[in-house]
Amino acid sequence: MERVPLERKVLSENDRIAAELRARFEEHGILCLNFISSPGSGKTSLLERTLASLPVHERVAVLTGDIQTDNDAERLKRYHFPVKQITTGGTCHLDARMIERHLADWRLEDLDLLLIENVGNLVCPASYDLGEAAKVVVLSVTEGEDKPLKYPSIFFKSELLVLNKIDLLPYVPFDMREAAENARRVHPGIDIVKVSCLTGGGLHEWLMWLEQRRRSLKSLVRAVAN
Ligand SMILES: Nc1nc2c(ncn2[C@@H]2O[C@H](COP(=O)(O)OP(=O)(O)O)[C@@H](O)[C@H]2O)c(=O)[nH]1
Ligand SMILES: [Mg+2]
């Protein structure tokens, strides 16, 4: 009985910090995306592919969350953009305070794009706003097409669903159409791209979505400035 008010207080404090972060990102014209999935769906792989596709002069940085290790940061550092690991020490999600703390020694005026890899979990990260412009949920074809119905909150809150590991479709019973229908039952407006981070298949669709999102932010910033 006492758990509910305490949880509400933690979440409202998180929302306050997230709102401050969002205002700072908007002020600096930074597109911030929060990547969420189960462990192993391919968040780091998608970020690796994304960083590999960006020219070196791009003003992009990555925060990557993990319960225990800095393995993902080590993988992502190879692309020569700023990367920081957030190790939560057991907590199953990132929160806005962790983002605020890990951004403290980065100059936001030097960034245009901030990519946040959340801790692998389809439940808890859905409740914690990080100040992002959009959440991106990654689901791989080995996880079953029913996941949007089982974890509706994260699919409802995400702007984009990345269906990953399509190279494995010949080997697993996964119905793409049903997965997309389930996602749209929960969130009719969700965008969907189908990719393989292994072969590179479909990645242009994801990169086009990203480019489109960056362009709309730029025109918004220009409109506000005029
Ligand atoms: N077959 C296949 N494997 C993939 C693909 N994307 C990622 N993987 C593999 O899936 C595993 C987990 O990927 P990772 O990016 O670490 O997932 P994360 O835990 O969500 O960050 C790794 O062994 C990847 O090599 C893909 O598109 N196809
Ligand atoms: Mg990862």
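Cut-off values and rules
- Residues numbered from 1 in each chain as written.
- Chains lettered and ligands numbered in written order.
- Predicted model: local features only at pLDDT ≥ 70, side-chain atom pairs only at ≥ 80, totals over all residues.
- Heavy atoms only, no water.
- Donors = N, O, S within 2.8 Å, 3.2 Å for Na, K, Ca; no water.
- Helix = DSSP H or I, 4+ residues; strand = E, 2+ residues; numbered from the N terminus.
- Buried < 20%, exposed > 50% of the residue type's maximum accessible area, 1.4 Å probe, protein only.
- Core = buried A, V, L, I, M, F, W, Y, C linked by side-chain atoms within 4.5 Å.
- Contact = heavy atoms within 4.5 Å.
- Pairing = 2+ DSSP bridges.
- Axes fitted to C-alpha atoms, helices over the stretch in contact; angles between N-to-C directions.

A.B. asks: In this structure, what is going on with the coordination of the magnesium ion (ligand 2)? I would like to understand it.
C.D. replies: Tetrahedral coordination by four donors puts the ideal angle at the metal at 109.5 degrees, and octahedral coordination by six puts it at 90 or 180 degrees. Listed as protein donors to the magnesium ion (ligand 2) are Thr 44 (OG1), Asp 72 (OD) and Glu 117 (OE); their distances from the metal cover 2.0 to 2.2 Å. For the magnesium ion (ligand 2), the single-chain donor residues occur in sequence as T-x27-D-x44-E. A residue pair is termed long-range when its members are at least 10 positions apart, and Thr 44 in helix H2 (residues 43-53) and Asp 72 in helix H3 (residues 71-77) qualify at 28 residues. Pair check on accessibility: Thr 44 and Asp 72 agree, each one buried.

A.B. asks: How should I be thinking about the environment of Phe 35 in this particular structure?
C.D. replies: Inspection of the secondary structure assignment puts Phe 35 in strand E1 (residues 31-36). With 113 residues separating them in the primary sequence, Phe 35 and Pro 148 have C-alpha atoms 16 Å apart.

A.B. asks: Help me understand unusual backbone geometry in this model?
C.D. replies: Peptide bonds are mostly trans, and most non-glycine residues show a negative phi. Residue His 80 is not a glycine yet carries a positive backbone phi of 70°. Locating His 80 in the fold gives a position in the loop between H3 and strand E3 (83-87). When its relative accessible area of 72% is taken as the criterion, His 80 is described as exposed. Phi is positive for Lys 165, which is not a glycine, with a value near 70°. Residue placement: Lys 165 occurs in the loop between strand E6 (158-164) and helix H7 (176-186). Assessed through its relative accessible area of 23%, Lys 165 is described here as partly exposed.

A.B. asks: I would appreciate a short explanation of the nonpolar core in the present structure.
C.D. replies: Proteins that are soluble and globular tend to have nonpolar side chains buried together. Counting 28 residues, the largest nonpolar core has Leu 33, Phe 35, Leu 46, Leu 51, Leu 115, Val 162 and Trp 206 as the members making the most contacts within it. Those elements that place two or more of their residues in this core are E1, H2, strand E2 (60-66), H3, strand E4 (113-117), strand E5 (134-140), E6 and helix H8 (203-225). If one sorts the elements of this core by residue count, H8 sits on top with five residues. Setting aside its immediate chain neighbours within four residues, Leu 115 contacts Leu 33, Phe 35, Leu 47, Thr 50, Leu 51, Val 60, Ala 61, Val 62 and Leu 63. Residues Ile 86, Leu 103, Ile 116 and Val 119 belong to the second largest nonpolar core, which totals 21 residues.

A.B. asks: Would you take a moment to explain the sheet that holds E3 for this structure?
C.D. replies: The pairing of strands in a sheet happens through backbone hydrogen bonds and is either parallel or antiparallel. An order of E3-E2-E4-E1-E5-E6-E7 is seen for the seven strands of this open sheet, with the pairing classed as parallel. The open sheet is flanked by E3 and strand E7 (191-194), the only strands paired with a single partner. Between one strand axis and the next, the sheet turns through 20° on average, direction left out of account. The sheet contact formed by E1 and E4 spans five bridges and is parallel. Bridge pairing in E4 links Asn 34 to Ile 116. Here H2 sits on the sheet and contacts E1, E2, E4, E5 and E6; the angle it forms with E4, its principal contact strand, is near 160°. Against the sheet, H7 makes contact with E6 and E7, and its axis sits at roughly 155° relative to E7, the strand it touches most.

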